[in-house]
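Now for the letters of each chain:
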Amino acid sequence: MNLSFDLSVEVSEKYNFNKKSLQKINENPWVKNQWPLVYFIQNEGKRVAYVGESTNFSNRIKNHLANPKKSNAFNKISIIGSDKFNKSATLDIESKLIQYISSEGTYELQNGNHGLINHNYYQQDLYKNLFIDIWGKLIENNIVSKSLEEIENSELFKYSPYKSLNEDQYNSVLEIIKALTEKKSSKIFIKGSAGTGKTILATYLIKLLGSDVSDTNMDDFSDNEIQEINLIRAYKIKYPKAEIGFVVAMSSLRKTLQNVFRKIPELKSSMIISPSDTFKKEYDLLIVDEAHRLRQYKNIGWMGVFKKNNRKLGLDDTGTELDWIIANSKNQIFFYDSAQSVKPSDIPSSHFDKLLNESNTIEIELKSQMRSNGGNDYITFVDDLLNIKRENKSSYSPDNYDVVVFDSMKDMYEQLSIKEEKYGLCRLIAGYSWPWLSDPKKKPKPDLNAIDIAIDGVELQWNKTDKDWINSEDSFKQVGCIHTTQGYDLNYTGVIFGEEISFNKVTQQIEIDKSKYFDKNGKRGLENIEELKEYIINIYKTIMFRGIKGVYIYACDKNLREYFKEHISTYKPESRLRILPFTDVKPYVNAVPIFNIYAAAGDFSDLQIQSEYENYEWVELPINISAREDYFVCQIIGESMNKKIENGSWCLFKKYSGGTREGKIVLAQHFNIQDSDFGAGYTIKEYHSEKNISENSWSHKSIVLKPLSFDSSFYPIELKDEELTDLKIIGEFITELNL
């Protein structure tokens, strides 16, 4: 059965948040009828806010006003209601608002992060656009200013401790706090492959353990939430002033997380530490992210400091960063994935196996894929592909994930550029197959203009910084490596398989050329080529797991590229329009005209003068579309309609001949229009109008031509009064042409 219903939402005026306003607030229809609702309390001056939901708001607001912390902190409240709200929907919306507002930057959110779990409920898909509408109304009411897309690409959103957990993660949190409180073990291992949300779980946990839940009202809480709050209270009793550190071995990710923690209430950037920093104090708990990247005394550039730290603990050169962490803390939580160990300085898995085999070590496994839209199937596919284990020769084509192999580096860079324009956070990442000629730290004098990588006429440099490169200026024009990207999320990843890795058609195996692998510390002392191959395969697997929406692949070795093409769809450049010689044209029978809106100087009616036919180019339509006298083709260049029409697309239009235009995409002509995408005179936008209606007639009050773009810098064109008489609708958009 196909179910649907119209969803609309209302955001109320901003009521004063005090007892004198209770009567007015109680007159709000959603409050008056005790409907499930969401509310937003704020103080614009102090820039603090709180988000909540309730099915009995009259009682909830009385409780808030009776709480001095809230009554003194806030001065305004807005109510969000809908006649389609139910308890599950309001929980879901509350959770999303907490995630986005905490990362948007206008307000410092005062919510705790307990109870944030993804909610699955009946007809959830029907509510999917409701949150977008709510956010739009919050922008209209000047409560927030940033778009959802802008927030989603921020480092604060990606590593926020306010992220909703899946059931897998949430149950892990309860098990972890219970183990810490009941002292079942001082060592807890959280295992999970790339993208299972290990870092998110770590940030959630460290925020949760530092939260003040002493006066939390649990009247409307679920059993799990009550259990969570009681566990936190028990932990606080056991460790009333707990010293907690978050150990991040990789300097790039450490810098990013320090920036995030600096912006979160109750968290401090000083909580993010390196393994060496663990000597500075005695910790009650150390949470270790990417524990597989902890180092041993091998192939590192700071062996003197490493040796000195070992001596502090009475250890010889066999001591490791793992030993430091255990010695300097009472409890440890390790987030670990042996498949992401990428160089010889990483501690061998045997050291972790020894801890895992201890009888009192607690081991928890995360299984749900949180990053990649391809899910666990994509993770398995990549592992099988790079380890030559894939028996199914059919092309891997997931529904929700974009996996493409390119024959041309130029094509891949161009297509990745389009995704960067559309989504942002798209980056090139390569294996370490080229020396870093442009290294800014190179001695005696760096050559900052040196080209590091040249493929198919595309000239690129390695990352200009090793700290938070993903978010650095001009990073899209550079190429990252495993050391600057591990632990990060991207929208699209362009992966370059370098010259050090190839495919042998005879043996049907991947091979490694050590002489073309330029990570000196990544290969020094490795005599066994199979051991180096394992590290390099892990590197490529890890960078192929960075993309949320998709991955583009280019392999320098032709045989490797051909092997990939046996399993992955190949990029095919879009075919060009089939423009017919005019001698072959039968106007509107076998072809329709192309109208160049960028070069047009006269009136569109010129197209209808038969004597002018030969002055136009005529295009043959796809076999499934018949030519008609009212059809014409335009190319759309620009990003103002990129939610519906890709930049550069050839589109079919129908000449407008009357009838409703509301909500349709139209080609409009108006000589006062100045559109950055289309120039003067013409524009392509979604049409909306507001009418003046009297008893016997109607007229346009205003017409709005609305962009449909992922880029928030495009604004609607609004026409009023005398401007309306000069507007001419030339055509209605039919479809993009895939020729």
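Just so it is clear, the structure is predicted and the values come from calculations on it, not from any experiment.

What counts as what
- Residue indices follow the written sequence of each chain, beginning from 1 at its first position.
- The model is predicted, so local features are restricted to residues of pLDDT at least 70 and side-chain atom pairs to those at 80 or more, both for listing and for counting; the totals for chains, interfaces and linings are taken over all residues.
- Processing note: side-chain calculations cover all non-hydrogen atoms of the structure and skip hydrogens and water entirely.
- For the purposes of this section, nonpolar cores are sets of buried Ala, Val, Leu, Ile, Met, Phe, Trp, Tyr and Cys residues that join through side-chain atoms within 4.5 Å.
- Any residue under 20% of the maximum accessible area for its type is buried, any over 50% is exposed, and the rest in between are partly exposed; the area is computed with a 1.4 Å probe on protein chains only.
- A contact between two residues is defined here by any heavy atoms of the two lying within 4.5 Å.
- Patches here are clusters of residues that have more than 30% relative accessible area and form no salt bridge, with a 9 Å joining cutoff for like charges and a 5 Å cutoff for nonpolar side chains (Val, Leu, Ile, Met, Phe, Trp, Tyr).
- Surface accessibility follows the Shrake-Rupley procedure with a 1.4 Å probe radius. Residue values consider only the protein chains on display as shielding.
- Criterion for a salt bridge: a side-chain nitrogen of Lys or Arg within 4 Å of a carboxyl oxygen of Asp or Glu.
- The charged-residue count follows a simple rule in which Lys and Arg add positive charge and Asp and Glu add negative charge, with His and chain termini not counted at all.
- A charged residue contributes its charge at one atom only: NZ of Lys, CZ of Arg, CG of Asp or CD of Glu.
- Secondary structure counts use DSSP, requiring at least four H or I residues in a row for a helix and at least two E residues in a row for a strand, with both numbered from the N terminus.
- Note: two strands are recorded as paired if DSSP finds a minimum of 2 bridges between them.
- Each axis is a line fitted through C-alpha atoms, and for a helix only the stretch in contact is used; angles between axes span 0 to 180 degrees, taken between their N-to-C directions.
- In this scheme, roughly parallel covers angles under 35 degrees and roughly antiparallel covers those over 145, while 65 to 115 is roughly perpendicular and the rest are oblique.
- What makes a crossing left-handed is the near helix being turned counterclockwise from the far one by less than a right angle; a clockwise turn instead makes it right-handed.
- Residue polarity follows a fixed list, in which Ala, Val, Leu, Ile, Met, Phe, Trp, Tyr, Cys and Pro are nonpolar, Asp, Glu, Lys and Arg are charged, and the others, Gly among them, are polar.
- Within 3.5 Å is the distance limit for a polar contact, defined as a pair of N or O atoms, with the added protein rule that one can donate a hydrogen and the other accept it, and that residues adjacent in sequence qualify only through two side-chain atoms.
- By definition, the arc is the one covered by directions from the helix axis to the C-beta atoms.

(A) The arrangement of the nonpolar core in detail. Within the largest apolar cluster, 143 residues are counted, with the highest numbers of intra-cluster contacts made by L97, W135, I287, I333, Y378, F497 and F564. Setting aside anything within four residues of it in sequence, one finds W135 in contact with L97, Y100, I101, E104, V144, K146, S147, L148 and I151. One finds I25, Y39, V48 and A73 within the second-largest nonpolar core, a separate group that totals 18 residues.

(B) Quick look at a positive patch on the surface. Judged by side-chain charge, K146, K255, R262 and K263 come together as a positively charged surface patch. Along the chain, the position of K263 falls in the loop between helix 12 (251–261) and strand 9 (272–273). On the accessibility criterion, K263 (48% relative accessible area) is partly exposed.

(C) Structural view of the pairing of strand 11 (residues 329–336). With seven of eight residues buried, strand 11 is to be regarded as a mostly interior element. The sheet contact formed by strand 7 (residues 187–191) and strand 11 spans five bridges and is parallel. Note that in strand 11 the partner of I190 across the bridge is F335. Sheet topology places strand 10 (residues 283–289) next to strand 11; five bridges connect them, and they run parallel. When the sheet's bridge partners are listed, L285 is paired in strand 11 with N331.

(D) Seen up close, the packing of helix 9 (residues 167–182) against helix 11 (residues 223–238). Put simply, helix 9 and helix 11 touch, their axes get as near as 9 Å, and they point 30 degrees apart. Of the possible angle classes, the one that applies to helix 9 and helix 11 is roughly parallel. Considering only the axes of helix 9 and helix 11, their crossing is left-handed. Touching Y170, V173, L174, I177, K178, L180, T181 and E182 of helix 9 are N224, E225, Q227, E228, L231, I232, A234, Y235 and K238, all from helix 11. Along the lines of polarity and charge, the residues of the contact of helix 9 with helix 11 split into nine nonpolar, three polar and five charged.

(E) Expanded view of the packing of helix 9 against helix 10 (residues 198–209). The interhelical angle for the contact between helix 9 and helix 10, taken along N-to-C directions, is 50 degrees, at an axis separation of 11 Å. Taken together, the axes of helix 9 and helix 10 are oblique relative to one another. As helix 9 packs across helix 10, the resulting crossing turns out to be right-handed. Residues Q169, Y170, S172, V173, I176, I177 and L180 of helix 9 pack against L201, Y204, L205, L208 and L209 of helix 10. Class assignment of the residues belonging to the contact of helix 9 with helix 10 gives a composition of ten nonpolar, two polar and no charged.

(F) Just the environment of N299, in detail. The topology assignment puts N299 in the loop between strand 10 and helix 13 (303–312). Spatially, the C-alpha atoms of N299 and T570 are 39 Å apart, while their sequence positions differ by 271 residues. Dropping the residues within four chain positions of it, N299 is found in contact with P344, S345, N521, K523 and R524. Here the side chain of N299 touches N521 through a polar contact of 3.0 Å, landing on its backbone oxygen. Polar contacts involving the side chain of N299 include one to the main-chain carbonyl oxygen of R524, which spans 2.6 Å.

(G) Geometry of the side chain of R427. By the element assignment, R427 lies in strand 14 (residues 426–430). On the basis of relative accessibility, which here comes to 7%, the residue R427 falls in the buried class. A distance of 3.0 Å separates a polar side-chain atom of R427 from the backbone oxygen of I470. Setting aside residues no more than four positions away along its own chain, R427 makes contact with L416, E420, W469, I470, S475, F476, L490, Y492, T493 and G494.

(H) Structural detail: the environment of H292. Tracing the chain through its elements places H292 in the loop between strand 10 and helix 13. Looking at H292, the relative accessible area reads 1%, which means it is buried. Taking the C-alpha atoms as reference points, H292 and C556, 264 residues apart in sequence, are found 29 Å from one another. A polar contact of 2.6 Å, which involves the side chain of H292, links it to the side chain of E290. A polar atom in the side chain of H292 sits 2.9 Å from the backbone nitrogen of D337.

(I) Just the sheet that holds strand 15 (residues 453–455), in detail. Here we have seven strands laid out as an open sheet, ordered 13-21-18-14-17-16-15, and mixed in their pairing. Looking at which strands have only one partner, the edges of the open sheet turn out to be strand 13 (402–405) and strand 15. Going from strand to strand, the sheet's axes swing by 30 degrees on average, the running direction of each strand aside. Sheet strands touched by helix 17 (residues 409–423): strand 13, strand 14, strand 15, strand 16 (458–462), strand 18 (490–497) and strand 21 (547–555). Its angle to strand 18, the strand with the most contacts, is close to 165 degrees.

(J) Region of interest: the sheet that holds strand 22 (residues 579–580). Strand order across the open sheet formed by three strands is 22-24-23, with antiparallel pairing between neighbours. Of all the strands in the sheet, just strand 22 and strand 23 (592–593) have a single pairing partner and so form its edges. Bridge count for strand 22 against strand 24 (residues 618–619) is two bridges, and the pairing is antiparallel. Within strand 24, the residue paired with L580 across the bridge is W618.

(K) Up close: the pattern of salt bridges. Counting across every chain of the model gives 31 salt bridges. Here K330 makes a salt bridge to D284, at a shortest N to O gap of 3.2 Å. Placement of the pair is K330 in strand 11 and D284 in strand 10, with a sequence separation of 46 residues. The exposure class of K330 is partly exposed, given its relative accessible area of 43%. Relative accessible area serves as the criterion here: at 9%, D284 is assigned to the buried category. E718 is the salt-bridge partner of K720, the closest N and O atoms lying 3.6 Å from each other.

(L) Examining the environment of K572 more closely. Residue position: K572 is located in the loop between helix 21 (558–565) and strand 22. Remark: the alpha-carbon pair of K572 and S438, spanning 134 residues in sequence, is separated by 33 Å.

(M) Focus on helix 6 (residues 130–140). Within the sequence span of helix 6, burial applies to L130, F131, I134, W135 and L138. On an axial view of helix 6, the arc spanned by its buried residues comes to 135 degrees, and they lie on one face. In the core, the buried residues of helix 6 are packed alongside strand 1 (10–11), strand 5 (76–81), helix 5 (87–104) and helix 7 (148–152). N142 sits one or two positions beyond helix 6 and adopts a positive phi of about 60 degrees.

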